[in-house]
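Close look at the chain arrangement
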Amino acid sequence: MEMGKGTSGAMDAIRNGWDTWKQAGWTVLQRTKWMQLLSVKRWGLLLALMGFLLGRAAILDQLAPFALAYFAVIYYLRKDLALGVGIATAAGCLLSSVAYPIGLLGEMAVFLLLQKAMEKFERTDLSHAPVLAGASILLVQLFLALVGPVNGWFPIVMAVIDAGLGLILSLIFVQAIPIFAPARKSYHLRNEEIICLIILLASVMTGTVGWGLGPVTVEHFLSRYLVLLFALVGGAPLGASVGVVAGMILSLADPNAVYQISLLAFSGMLAGLLKEGGRVPVALGMLLGSSILSFYIGDQASVLHSTWESLAAIAIFLFTSRGLVHTLSRYVPGTQENLKSHYEYAKRIRDITASRVEQFSEVFRQLSRSFTQLAAEGTGGERRKAEQEHFMEAVAQKTCANCFRQKVCWNEKFYDTYAVMTEMMSAIEGESKNKREKREIRPEWRNACKKPEQVMATMKELYALYRNDQHWRRQIVESRQLVADQLVGVSQVMEDLAREIKREGQQLYLQEEQIRSSLEQLGLSVLSIDIVSLEEGNVEIEIVHQYTRGFDECRKIIAPMLSDILGETITVTQEQATDRGPSYSLVTFGSAKAFEVLTGVAGAAKGGDLLSGDSFTAVELGNGKFAVALSDGMGNGERARLESSTALEILQQLLQSGMDEKLAIKSVNSVLMLRSPEEIYATVDMAIIDLYNAETTFMKIGSTPSFIKRAGEVIPITASNLPVGILSDIEVDLVSVQLLPGDTLIMMTDGIFDAPGYAVNKELWLKRVIQEIRTDDPQEFADCLLERVVRHQQGDIHDDMTVIVAKVSRFHPEWATFRWPGVSRIERPKVVS
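Residues numbered from 1 in each chain as written. Predicted model: local features only at pLDDT ≥ 70, side-chain atom pairs only at ≥ 80, totals over all residues. Heavy atoms only, no water.

1. Quick notes on the overall build of the chain
The secondary structure content of the chain amounts to 27 helices and 16 strands. Per-residue burial for the chain yields a buried fraction of 44% across its 833 residues. Put simply, of all contacts in the chain between residues at least 6 apart along the chain, 70% involve residues at least 24 apart. (Helix = DSSP H or I, 4+ residues; strand = E, 2+ residues; numbered from the N terminus. Buried < 20%, exposed > 50% of the residue type's maximum accessible area, 1.4 Å probe, protein only. Contact = heavy atoms within 4.5 Å.)

Written as structure tokens, this is what we have:
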């Protein structure tokens, strides 16, 4: 083993020196104009060389379907290179001893004629290439069979076979040739594309049949080099597959090489099994496999020739550049390079998406600033002064235009006249606001104006229009401010989304493999593992495994094991079926919260009706917070229920999207105001509990006090805010309270709070009742409290009653964490990409 490592290290040093020398030489060559031109045309030269070799290729020295199939696909895919590739293919056919140049040239001519005819009907899709290629070969070969010297059915049958092979090869080349495109973006090849690529390369190798250097034949040397390359990249399965396909194609070209199928397949499998050791073990596996099967070939000379061919392929293989191996590995599914390329592509998509989301966030923020500026301009003092001047001008235009004292009043005594008009306007404004009787005209007004009664009447008439205009201007300003606030909220949500996208763009496949290895040590086999996040307190891991009824491995084994290697409590947060089969489940594991909340609800409608105007919700917001909310709509019945449920649904959706609490309340208030021109309101009583530290934020909008029962005391929580849906601009006061494990939170509507009547201190009465209830179960607590209130009212229900009880307690995992020998802690990524 040590000698193997030393040999591998020596070969790595030689190969590194070769790569350095080659890179230096390549840098010098690149500076020449000839090499610059060659670098531009290298793909054209490669495709032309392949066409030359395929022009020489033949099957059983009688069929040559490769050339036209290749030319037809090139004509559709790279029409700019079709002429060069066609010439190279014809040249290869001319220099071949088995192919027929006249037949190939005729097939090309017929193909081009058929193609021109298809263009007339606008049928130039790539899918037509195989059909046109097969038809061209069939027409030409049938003509040659009919005019040829051999009579009978045999030439016709061979023509049909040749056309069928051309059709099939065209379909294969359609899948394989695009891989050589220089601008290919996708680094994922399907299994079908890999097989088609191998068939193309093996077909190209058949063009070298008959070439040799001493005991080494070129086609056998190239086939073994190809097997070595793919065995190093894809392991035993790919190495054996390449060996089978390459041996089969070579045996079709040379019937004496049928044994190459088994030799290359066995050698590829043996070389692929030693893939983890590097190039030297792969080469030794190839040499050993080919040598073992060579003994069954026949004489000693054949064994010696096979060994020389393997050694020549190994020599070139050992000096193959890492760049070629790395590039090939990126296209083969299952390799580390391919997985890394997929990760890089996904990361690039995530970065682009996050960047676009951030741009949209900034756009909304800029729009918000623009609307805020417009709202500020609409409420400024300059605006008020301009509106007053416009009002004065309208009054003067209507009353003073035909007055004989116009020039005296508005030219010579402008300031005195303006002051009198302002006093008149203030008097009319005071009358309108205070609804007082008509005021007497002051003597100084009569001295300044000869028609004060007419001026006052005109002012009153125009003042009504002025106030109406002011009202709609205020509505516009408030609407602008509402839009500005909404845009700020949307911008914040999009900014948080961009941050979440970037946070998920972490390289976590090493941690995924570590979890898989740990589970395998426990004897558990999972289908797939996907780590969404490893952020402390926000872990999210998705595992697909085969569910075994009655064992519940996820909660009993996987979750405790993950808790140990991550250093925090992990629980099962979700289980759902997958489309992989009825026995497979997708299980989501996440960070356990430090606290958990259990709730209970009890309610009754006014007069014992079925439909109550109160609505409630208790839901986890998804960011480590739990919301408990009540809403009481104005009045009773269906309309009240609609308003209260609408308020809670909108508020819940806004909070779950990540919007700020105050902005969410203002948005709900605006929606309720715009829903109806009538004065319809709803109270909102919400408590947001942080499940990590039990810190609770209360939002009480027009609601009754809430109570916290802690050991032997009852703590009231109050706030003075108007209900939503009354005023356009409301102030939201948030109350923060630190809850403790074992605390019970009681929230209620006014139907319960006002039940004791006006002669009793309601708060003290409810505190006493709450303190007398001894149960710890939230549902029993809510039922008991509602029953006590109804009994106090002697069975009469004067208003809708709803009470929601939330019990806060520490979270205790169902199964304890265990330590498994040999399983190490997972290293969390420190840098967020």
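2. Digging into the layout of surface pockets
The computed volume of the second largest pocket comes to approximately 1300 Å³. Lining the second largest pocket are 44 residues, and of these Asn538, Leu621, Gly622, Asn623 and Gly624 lie nearest its centre. Counted by class, the lining of the second largest pocket contains 17 nonpolar, 14 polar and 13 charged residues. (1 Å grid on protein atoms, 1.4 Å probe; cavity = no way out; pocket = protein on both sides within 12 Å on 5 of 7 lines; lining within 4 Å. Points joined across faces, edges and corners; volume = space filled by probe spheres on them. Nonpolar A, V, L, I, M, F, W, Y, C, P; charged D, E, K, R; others polar.)

3. Section: the packing of aromatic side chains
The description of an aromatic ring pair rests on the distance of the ring centres and on the angle between the ring planes. Counting across every chain of the model gives five aromatic pairs. Their ring planes at 85° and their centres at 6.2 Å tell us that Tyr70 and Phe173 sit as a pair that is edge-to-face. Here Phe173 lies in helix H8 (residues 154-176) and Tyr70 lies in helix H4 (residues 66-77), a separation of 103 residues in the sequence. Pair check on accessibility: Tyr70 and Phe173 agree, each one buried. Between Tyr75 and Tyr76, the aromatic rings sit 6.1 Å apart at their centres with planes inclined by 75°, giving edge-to-face as the arrangement. As far as the burial class goes, Tyr75 and Tyr76 line up, both buried. These aromatic residues form a ring-pair network of at least three members: Phe71, Tyr75, Tyr76 and Phe111. The ring centre of Phe317 lies 5.9 Å from the NZ or CZ of Arg279, which sits over that ring. (Phe/Tyr/Trp six-rings, centres within 6.5 Å; stacked < 30°, edge-to-face > 60°. Lys NZ or Arg CZ within 6 Å of the ring centre and 35° of its normal.)

4. Structural notes on the sheet that holds strand S10 (residues 682-690)
Spatially, five strands are ordered S8-S9-S10-S11-S14 in an open sheet, and the strand pairing comes out antiparallel. The open sheet terminates on both sides in strands that have one partner only, identified here as strand S8 (614-620) and strand S14 (734-738). Strand-to-strand twist of the sheet, defined as the mean angle between neighbouring strand axes without regard to direction, takes the value 15°. Summarising the sheet, S8 and strand S9 (residues 625-633) pair through seven bridges and their orientation is antiparallel. (Pairing = 2+ DSSP bridges. Axes fitted to C-alpha atoms, helices over the stretch in contact; angles between N-to-C directions.)

5. Notes on empty space enclosed by the protein
Within this structure, the stated rule accounts for two cavities of 30 Å³ or more. The volume enclosed by the second largest cavity comes to roughly 30 Å³. Lining the second largest cavity, in full, are Leu189, Ile194, Leu197, Phe230, Leu328 and Val332. Residue composition of the lining of the second largest cavity, grouped by class: six nonpolar, no polar and no charged.

6. Focus on the nonpolar core
Leu47, Tyr70, Phe173, Leu200 and Phe317 are the most contacted members of the largest nonpolar core, which totals 65 residues. It is helix H10 (residues 218-253) that provides the largest number of residues to this core, a total of 16 residues. Look past the residues within four positions of Leu47 in its chain and what remains in contact with it is Tyr70, Ile74, Leu81, Val85 and Phe180. (Core = buried A, V, L, I, M, F, W, Y, C linked by side-chain atoms within 4.5 Å.)

7. A look at the confidence of the model for the chain
Per-residue pLDDT for the chain averages 79, and the proportion of residues at 70 or more is 83%. Note that pLDDT drops below 50 for residues 1-8; the model gives that stretch three contacts with residues more than four away or on any other chain. Contacts from residues 28-40, a stretch scored under 50 in pLDDT, to residues over four places away or in other chains number six contacts. (pLDDT = per-residue confidence, 0-100.)

8. Observations regarding the packing of H10 against helix H13 (residues 300-318)
For the pair H10 and H13, the least separation of the axes is 8 Å and the interaxial angle reads 50°. Between H10 and H13, the angle falls in the class oblique. As for the relative orientation of H10 and H13, their crossing is right-handed in sense. The residues of H13 that touch H10, namely those facing His220, Phe221, Arg224, Tyr225, Leu228, Leu229 and Leu232, are Ser306, Glu309, Ser310, Ala312, Ala313, Ile314, Ile316 and Phe317. Among the residues making up the contact of H10 with H13, the classes are represented as 10 nonpolar, three polar and two charged. (Parallel < 35°, antiparallel > 145°, perpendicular 65-115°, else oblique. Left-handed = near helix turned anticlockwise from the far one by under 90°.)

9. Quick word on the pattern of salt bridges
Considering all chains together, one arrives at 12 salt bridges under this definition. When the shortest N-O distance is used, the salt bridge between Lys79 and Glu119 registers 3.6 Å. Note that Lys79 is positioned in the loop between H4 and helix H5 (82-94) and Glu119 in helix H6 (residues 101-120), a separation of 40 residues in sequence. For Glu119, a relative accessible area of 28% translates into the label partly exposed. We note a salt bridge from Lys762 to Asp754, for which the minimum N-O separation is 3.0 Å. Bridged by salt links that share partners, the residues Lys79, Lys116 and Glu119 form one connected network. (Salt bridge = Lys/Arg side-chain N within 4 Å of Asp/Glu carboxyl O.)

10. Regarding the pairing of strand S13 (residues 713-717)
Note: strand S12 (residues 706-710) against S13, five bridges, orientation antiparallel. What sits directly across from Ile708, in S13, is Ile715. What sits between the antiparallel neighbours S12 and S13 is a turn of two residues, in which Ala711 has the positive phi angle 55°.

11. Focus on the packing of H10 against helix H14 (residues 322-331)
Interaxial distance between H10 and H14 falls to 9 Å at its minimum, and their mutual angle equals 65°. The crossing of H10 and H14 is right-handed. On H14, the residues that touch Tyr225, Leu229, Phe230, Leu232 and Val233 of H10 are Leu324, Val325, Leu328 and Ser329. Class assignment of the residues belonging to the contact of H10 with H14 gives a composition of eight nonpolar, one polar and no charged.

12. Focus: the sheet that holds strand S15 (residues 744-748)
In any sheet, the strands associate via hydrogen bonds between backbone groups, in a parallel or an antiparallel arrangement. The five strands lie next to each other as S7-S16-S15-S12-S13, forming an open sheet whose pairing is antiparallel. Only two strands of the sheet have a single neighbouring strand rather than two, namely strand S7 (595-604) and S13. Adjacent strand axes in the sheet meet at a mean angle of 20° when their direction is disregarded. Where helix H27 (residues 778-792) meets the sheet, its contacts fall on S7, S12, S15 and strand S16 (801-810), and the angle it forms with S7 comes to roughly 30°.

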